[in-house]
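A closer look at the structure
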Amino acid sequence: MEAQTTPSVWVFGYGSLCWYPGFEYAECITGYIRGYVRRFWQGNVTHRGTIEKGITWGCAFRVTGSHALDYLRQRECTLGGYVTEYIKFYPRLASEQSGISGEAFPALVYIATPKNEHWIGEEPLLVTARQIVECRGPSGHNVEYLVRLAMFMRDELPGACDEHLFELEGLVRRFVAEANVNLELLLVGSVTPHRIRRDTHEEVRRHVTFEFASRVPDTKLRCLHI
């Protein structure tokens, strides 16, 4: 009698999943999807991510069974207002030994659309930055979401560019400093993120930096597809 194998699925994360997945997974690798860009164009009382043609860097998690997907359905769809879609994920690294090639493979992604009640849409970057600095929710301060995401990009994907994210981070850091607020206090939320082992098939070890070792508040991420 052959043992039954539980099917697995890859889930692409481009926001808080990059630094706090919150579920068990078998593998995590960095890479990107095409046809989307990351924007902070949606707001709700729990989280915050948009649709335009471009490349969005993040990481994909291989999960097995239904527990992780049930958790993500509650976190991203019920509370966040996102819809799900399968899209091609392109691994950053390829390795024969790991079974990971440079070819794209399907991954589940959670996307925000103008049809959901939390949608705000495009607004001046200064307005978005002010809102991030002023907002906090059950998951923590919105600043944490932004800063930890920028930290992930710098630490894990130093060659990737996300001008929108880094410009927004610069404004938020400036406003926090002008308000005489300790940024470290805003980076302490309801969860404690742990360093995630990614790209375990990569032979070259990157230097670990603690330059941005801080946490951010309740975040509202918007990711749109065009």
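Residues numbered from 1 in each chain as written. Predicted model: local features only at pLDDT ≥ 70, side-chain atom pairs only at ≥ 80, totals over all residues. Heavy atoms only, no water.

The following threshold applies: UniProt positions are given in the numbering used here, feature names are shortened, and annotations may be inferred rather than shown by experiment.
Under an unreviewed UniProt entry, the protein has the name glutathione-specific gamma-glutamylcyclotransferase and belongs to Anopheles stephensi. You can read under Sequence similarities (unreviewed entry) in the UniProt record for the protein the words "Belongs to the gamma-glutamylcyclotransferase family. ChaC subfamily." As stated in UniProt under Catalytic activity (unreviewed entry), the record for the protein gives "glutathione = L-cysteinylglycine + 5-oxo-L-proline".

What to know about unusual backbone geometry
Keep this limit in mind: For helices the rule is a DSSP run of H or I covering at least 4 residues; for strands it is a run of E covering at least 2, with both sets numbered from the N terminus onward. Accessibility here uses a 1.4 Å probe with only protein chains present; expressed as a share of the type maximum, an area under 20% marks a residue as buried, one over 50% as exposed, and anything in between as partly exposed.
Although it is not a glycine, Asn180 adopts a positive phi angle of roughly 60°. For Asn180, the position within the fold is in the loop between helix 4 (163-178) and helix 5 (183-186). Judged by relative accessible area, which is 72%, Asn180 ranks as exposed.

What about the pattern of salt bridges?
In plain terms, the rule: We count a salt bridge whenever a side-chain nitrogen from Lys or Arg sits within 4 Å of a carboxyl oxygen from Asp or Glu.
In the structure shown here, the tally under the stated rule is 10 salt bridges. Note that Glu27 is salt-bridged to Arg62, the shortest N-O span being 3.2 Å. Taking the shortest distance from any N to any O, the salt bridge between Arg154 and Glu169 comes out at 2.7 Å. With Arg154 in helix 3 (residues 142-156) and Glu169 in helix 4, this residue pair connects regions lying 15 residues apart in the sequence. Given the relative accessible area of 31%, Arg154 is considered partly exposed. In this structure, a network of salt bridges that share partners links the residues Arg154, Glu169 and Arg173.

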